[in-house]
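Understanding the architecture of this molecule
Chain residues, written in single-letter form:
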Amino acid sequence: MSNLIIETINVTKTYNPGKPNEAIAVKDASLQINEGSLVVLKGPSGSGKTTLLSLIGCQAKPTRGEVIIRGKRISKLPEKFMNRHKRNHIGFIFQHFQLIGGMSVLDNIVLPLIPEGISPKERSKRADRLLERFDLAHRRQFKVSYLSGGEQQRVAIARALINNAGILLADEPSAHLDSRLTSDLLVYINQLKQSGQTILITSHDPIIYQHPAVDQVFEMKDGQVIS
Amino acid sequence: MISGSWFERQKNIIDYSLQSLLRRRSKNILILIIFILLVFAVSAILFITGSLTKEMMITSNDLPDITVQRILGGRQVNIPASFIPEIEKIPGVEAVETRVWGYFYLASLQANFTIYGMDLTLLEDGEYRKIVNWKNIPDQAENQSLSSRPDFRMIIGQGVFELLKDIQMEKAYLFYQPSWEKPIPFDIIGTFKTETELQSNDLMVLQTEGARRVLELPPDEFTDLVVYVPNPEEIENIALKIRRYFPALRTVTRAQIQNTYASVFGWKSAFVLSSLLVAILAFLILIWDKASGLSPDEKREIGILKAIGWDTDVVLSVKFWEGFILSGIASLAGILLAYAYIYWLRAPGLREIFIGWSTIYPSFQLIPDVDPKFLLLIVTISVVPYLAVTVFPAWKAAITDPDVIMRNIG
């Protein structure tokens, strides 16, 4: 029997509550994800996929409802504990990669380890393993702004994996990739799934959500999970 | 995840702050330059004020305890010798000495000089001998030997000496008034050493009788009197008694002179600072603008750091160290530059504002005197506000959900 690793219960997120520009991005969203599975949240732009992923990834707190990760109700945790939970359990790949342009590939990848007080030597050792794995070793000292879209994508994946988190969240990972790079991405994602990683991806790209490795697809519309 | 030690964590944060400063080097170099100029300007003024006040305090320790002047019609006039025995009778007075001094305008140099009359033989002996560069001047004055006209000798300050050299005046035939039959020649027997320049630069010390001739002072009259009181606690009391017994006399104590010096330099310092106020204000606004407004890139970076799990306090630590390193370097560099400017280069440009009214400005060495209170003040007015303007906007960004910053919602 599979273990439940992510659960949302009637999660609602309202931006700018009470203001003229109030917007309900997610409404009463509930879903359950098992450990080691590859899950896709699909839906058109503005359906609330990214917001729900952000709530699961501790990037924001829900206005209402519960987000439970590995049995812990993270939405009620104070910021410090929520961040610790995030660092220990969640790796996040952002839609626009969100890398720091003036920094090298290596420095971007090890960023999550800096507040942990891990020595530069140990950081380098961990990063080198990922650089090899994602074929980036030759770009180690390059500034990320000089890399191609596919390489930046791999740097973002490496950064998400540097803290050995069991959950990988990816927001529209193929949005800025051509079909060849998307296929490469799927190869990496499949490898990660094989290594036991739980993966949740938002996408409206059929190449992603129709991929045979995908275990489960949730569809969102107007902020609600409809299937 | 295995966490490292607190020390390693702080080291990582400082490393990251340095990297971050270097990544935005053009903006930070601009802030650094402006900041250094600002600290330099304020430090230079505070240093010169402190140094001059201290030097004046030290040198004024040799001033008489009480100076007594006669006032008539609201202005100082010569004081008759008849006052001397009367003042000497006041209990607590050790000695009363006479002084002959005044100013002489030299038309050829278009400058005023201070003339002081004293018995120059007193300078030839003991401690005071060391403050004069003694010269052996051959006898030139109307075939008279130096010793045969001892009343017409003088010792001059370095500033006077330089001026005389410029006009190639070997012999000082300087003293002449249209009402006189002929000039009064004086032999220069020495110059005051540079250490005394603050006081002696435009000074001509003449043998008393010669000074009387130049200043046209009648016999048995003096410019003023000086009173020595062995007990410092009694000085104010005795000054009060002199004023009470002799309403025509005015007293000036050493403490009053010292206070005047301090307030004159304080006033000048305030004046220069006020003059610079507009520039300082403009600098501050520029620094505030550059430092406080987080650029979209910086906001995004904070959002990314928060999104990958950095705590708000870690983000603020990074910003704190960035501000501290930059403002610390600027303060240190500004203070060191000001130190070099004031004490090594002798404050060109600023010195003239602070020193004297004379046409001859002293070229004395300023004594280094850095009051820790000044340093604390400079650090307080530079580092602390800068930290505030850098950390506060970062805090505002750091407490916002990373999701909101990165997606620019709200």
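Here the structure is a predicted model, which means the values were calculated and not measured.

Re the interface of chain B and chain A
- At the interface, 35 residues of chain B touch 36 residues of chain A.
- Taken together, the connections running from chain B to chain A amount to four salt bridges.
- Of the charged contacts in the structure, one is a salt bridge between D313 of chain B and K80 of chain A, with a shortest N-O distance of 3.1 Å.
- Inspection of the region where chain B meets chain A yields 16 residue pairs in polar contact (both at pLDDT 80 or more).
- The greatest single-element share of the side of chain B that touches chain A, amounting to eight residues, is contributed by helix α1 (residues 6-23) of chain B.
- Of the residues belonging to the side of chain B that touches chain A, the class tally is 15 nonpolar, eight polar and 12 charged.

A look at the sheet that holds strand β9 (residues 216-221) of chain A
Residues and elements named next belong to chain A.
- With respect to topology, six strands assemble into an open sheet ordered β6-β7-β8-β3-β9-β10, the strand pairing being mixed. Two strands lie at the open edges of the sheet, namely β6 (90-93) and β10 (224-225), each paired on one side alone.
- Of the strands in this sheet, β3 (38-42), β6, β7 (167-171), β8 (198-203), β9 and β10 are in contact with helix α1 (residues 49-56), which crosses β8 at around 155 degrees.
- The sheet strands contacting helix α5 (residues 149-161) are β6 and β7, and the helix crosses β6 at an angle near 165 degrees.

Notes on α1 of chain A
Residue and element names in this part refer to chain A.
- With respect to burial, α1 is a largely interior element, eight of its eight residues being buried.
- Taken residue by residue, α1 has K49, T50, T51, L52, L53, S54, L55 and I56 as its buried positions.
- Directly beyond the C-terminal end of α1, a positive phi value near 60 degrees is found at C58.

With respect to the confidence of the model for chain B
Residues and elements named next belong to chain B.
- This prediction gives chain B a mean pLDDT of 80; 81% of its residues lie at or above 70.
- In the model, residues 137-147 has pLDDT below 50 throughout and makes 14 contacts with residues more than four positions away in sequence or in other chains.
- Note on residues 357-362: pLDDT is under 50 here. Beyond four places in sequence and across chains, it has 19 contacts.
- Scored as a complex, the prediction yields pTM 0.70 and ipTM 0.89.

Rules behind the numbers
Residues numbered from 1 in each chain as written. Chains lettered and ligands numbered in written order. Predicted model: local features only at pLDDT ≥ 70, side-chain atom pairs only at ≥ 80, totals over all residues. Heavy atoms only, no water. Contact = heavy atoms within 4.5 Å. Salt bridge = Lys/Arg side-chain N within 4 Å of Asp/Glu carboxyl O. Polar contact = N/O pair within 3.5 Å; in protein donor to acceptor, adjacent residues only side chain to side chain. Helix = DSSP H or I, 4+ residues; strand = E, 2+ residues; numbered from the N terminus. Nonpolar A, V, L, I, M, F, W, Y, C, P; charged D, E, K, R; others polar. Pairing = 2+ DSSP bridges. Axes fitted to C-alpha atoms, helices over the stretch in contact; angles between N-to-C directions. Buried < 20%, exposed > 50% of the residue type's maximum accessible area, 1.4 Å probe, protein only. pLDDT = per-residue confidence, 0-100.

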